[in-house]
Amino acid sequence: TIPSPDQSCVPLDPTAPLANFTVSAGCVNAPVTFTNYSSQGTYMAYEWDFDLANPGVSTSTAFEPSFTYTSTGTYTVRLIVTNTDNFKKDTVDIP
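The paragraphs below set out a description of the structure included in this document. It should be emphasised that the depicted structure is a prediction, and the values quoted were computed from it without experimental measurement.

## Thoughts on the pattern of salt bridges
Between side chains of opposite charge, pairing is possible as soon as their charged atoms come close.
In step 1: A full pass over the atoms with the stated rule returns 1 salt bridge.
In step 2: Notably, a salt bridge pairs Asp93 with Arg78, separated by 2.7 Å at the nearest N-O pair. Here the residue Asp93 occupies a position in strand β7 (residues 89-94), and Arg78 occupies one in strand β6 (residues 77-83), the gap between them amounting to 15 residues.
In step 3: By relative accessible area, Asp93 is classed as partly exposed at 35%.
In step 4: A relative accessible area of 28% places Arg78 in the partly exposed class.

So, in structure tokens, the structure goes:
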């Protein structure tokens, strides 16, 4: 038998992007690489912020950027993915 559909479940919007990434472990003064597992397509834009404690200072719009930290610490990185055709966005923050 097939179970009844969950009426509280909202289907995913296929036009909305999904932000997701992983980060390599890094050392001070050596590049840290970010692997982007987000939605891809003709109309996607990517905005990275490498230190949310100082927003807007260290940013990139590359699909898979690298970044060099000059001080030890824990940094929260934000990725915003935007479908530039319909301007729907998704954001993920990873410390």
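The structure having been displayed, the exposition proceeds.
## Some words on the sheet that holds strand β2 (residues 31-36)
In step 1: The antiparallel open sheet is built from 3 strands, whose spatial order is β1-β2-β5. Two strands lie at the open edges of the sheet, namely β1 (21-23) and β5 (66-68), each paired on one side alone. Averaged over neighbouring strand pairs, the angle between their axes works out to 25° when direction is ignored.
In step 2: For β1 and β2, the ladder comprises 3 bridges, and the chain directions are antiparallel. Considered in β2, the bridge of Phe21 is made with Asn36.

## As for the nonpolar core
In step 1: One finds Phe21, Phe34, Trp48, Phe50, Tyr69, Val77 and Leu79 to be the most contacted residues of the largest nonpolar core, which totals 14 residues.
In step 2: Mapped by element, the contributors of at least two residues to this core are β2, β3 (44-49) and β6.
In step 3: Not counting residues within four places of it along the chain, the set of residues in contact with Trp48 comprises Phe21, Phe34, Asn36, Ser58, Thr59, Ser60, Ala62, Phe63, Pro65, Val77, Arg78 and Leu79.

## Some thoughts on the sheet that holds β7
In step 1: An order of β4-β3-β6-β7 is seen for the 4 strands of this open sheet, with the pairing classed as antiparallel. For this open sheet the edge positions go to β4 (59-60) and β7, each flanked by a neighbour on one side alone.
In step 2: Strand direction decides the pairing type here: β3 and β4, joined by 2 bridges, are antiparallel. For Trp48, the partnering residue across the bridge sits in β4 and is Ser60.

## Topic: unusual backbone geometry
In step 1: One non-glycine residue, Asn29, lies in the positive phi region at around 65°.
In step 2: Assignment of secondary structure puts Asn29 in the loop between β1 and β2.
In step 3: What makes Asn29 exposed here is its relative accessible area of 56%.

What counts and how
- Residues numbered from 1 in each chain as written.
- Predicted model: local features only at pLDDT ≥ 70, side-chain atom pairs only at ≥ 80, totals over all residues.
- Heavy atoms only, no water.
- Salt bridge = Lys/Arg side-chain N within 4 Å of Asp/Glu carboxyl O.
- Helix = DSSP H or I, 4+ residues; strand = E, 2+ residues; numbered from the N terminus.
- Buried < 20%, exposed > 50% of the residue type's maximum accessible area, 1.4 Å probe, protein only.
- Pairing = 2+ DSSP bridges.
- Axes fitted to C-alpha atoms, helices over the stretch in contact; angles between N-to-C directions.
- Core = buried A, V, L, I, M, F, W, Y, C linked by side-chain atoms within 4.5 Å.
- Contact = heavy atoms within 4.5 Å.

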